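# Structure at a glance
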Amino acid sequence: MILHSQLSPQNLRSKIHSRTIRFGGNKKLKIYGLLGCGSGKRMKRENRIFFKDEEEALQNNYRPCGHCMREAYKQWNRKYPT
C-alpha cells in the first residue's frame, strides 16, 4: 500500500506508467477500484491509497468498488453480505 500523500505528482505518474500502481482505494471506507473511477477521483487526497494489484487490496480487507468493479463487488457481496 502506498499513501497518495507520500507521492509527488511526478512519482505517482511514473508508478502508474510502470504499472507499479494499478488500483486506488479509500483508506477510511476500505474500498478499492480502478484508477479511472469517478468515485475515486472525487475522494480527498489524504484518504486515497494505492495498490499494486487486486490481491494486495483484498489482503488488506478492502472491498471492490460497486461502480467500476461491479462484477467483483457482486462476488464479494455474496461472500460477505451486509
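Please refer to the structure placed before this passage.
Please read these numbers as outputs of a predicted model, since none were measured by experiment.

### Remarks on the environment of cysteine 37
Inspection of the secondary structure puts cysteine 37 in the loop between strand E3 (31-34) and helix H2 (38-42). The class of cysteine 37 is buried, set by a relative accessible area of 8%. Measuring from C-alpha to C-alpha, the distance between cysteine 37 and cysteine 65 comes to 8.9 Å, with 28 residues separating the pair along the chain. In contact with cysteine 37, other than residues within four places in its own chain, are Cys65, His67 and Cys68.

### So, the packing of aromatic side chains
Aromatic rings considered in pairs are described by the distance between their centres and by the relative angle of their planes. Counted under the stated rule, the structure contains three aromatic pairs. Between phenylalanine 23 and tyrosine 32, the ring centres sit 5.9 Å apart and the planes meet at 80°, which makes this aromatic pair edge-to-face. Judged by its relative accessible area of 8%, phenylalanine 23 is buried. Residue class for tyrosine 32 comes out buried when judged on its relative accessible area of 1%. Residue placement shows arginine 63 over the ring face of tryptophan 76; its charged tip is 5.8 Å from the ring centre.

What counts and what doesn't
- Residues numbered from 1 in each chain as written.
- Predicted model: local features only at pLDDT ≥ 70, side-chain atom pairs only at ≥ 80, totals over all residues.
- Heavy atoms only, no water.
- Helix = DSSP H or I, 4+ residues; strand = E, 2+ residues; numbered from the N terminus.
- Buried < 20%, exposed > 50% of the residue type's maximum accessible area, 1.4 Å probe, protein only.
- Contact = heavy atoms within 4.5 Å.
- Phe/Tyr/Trp six-rings, centres within 6.5 Å; stacked < 30°, edge-to-face > 60°.
- Lys NZ or Arg CZ within 6 Å of the ring centre and 35° of its normal.

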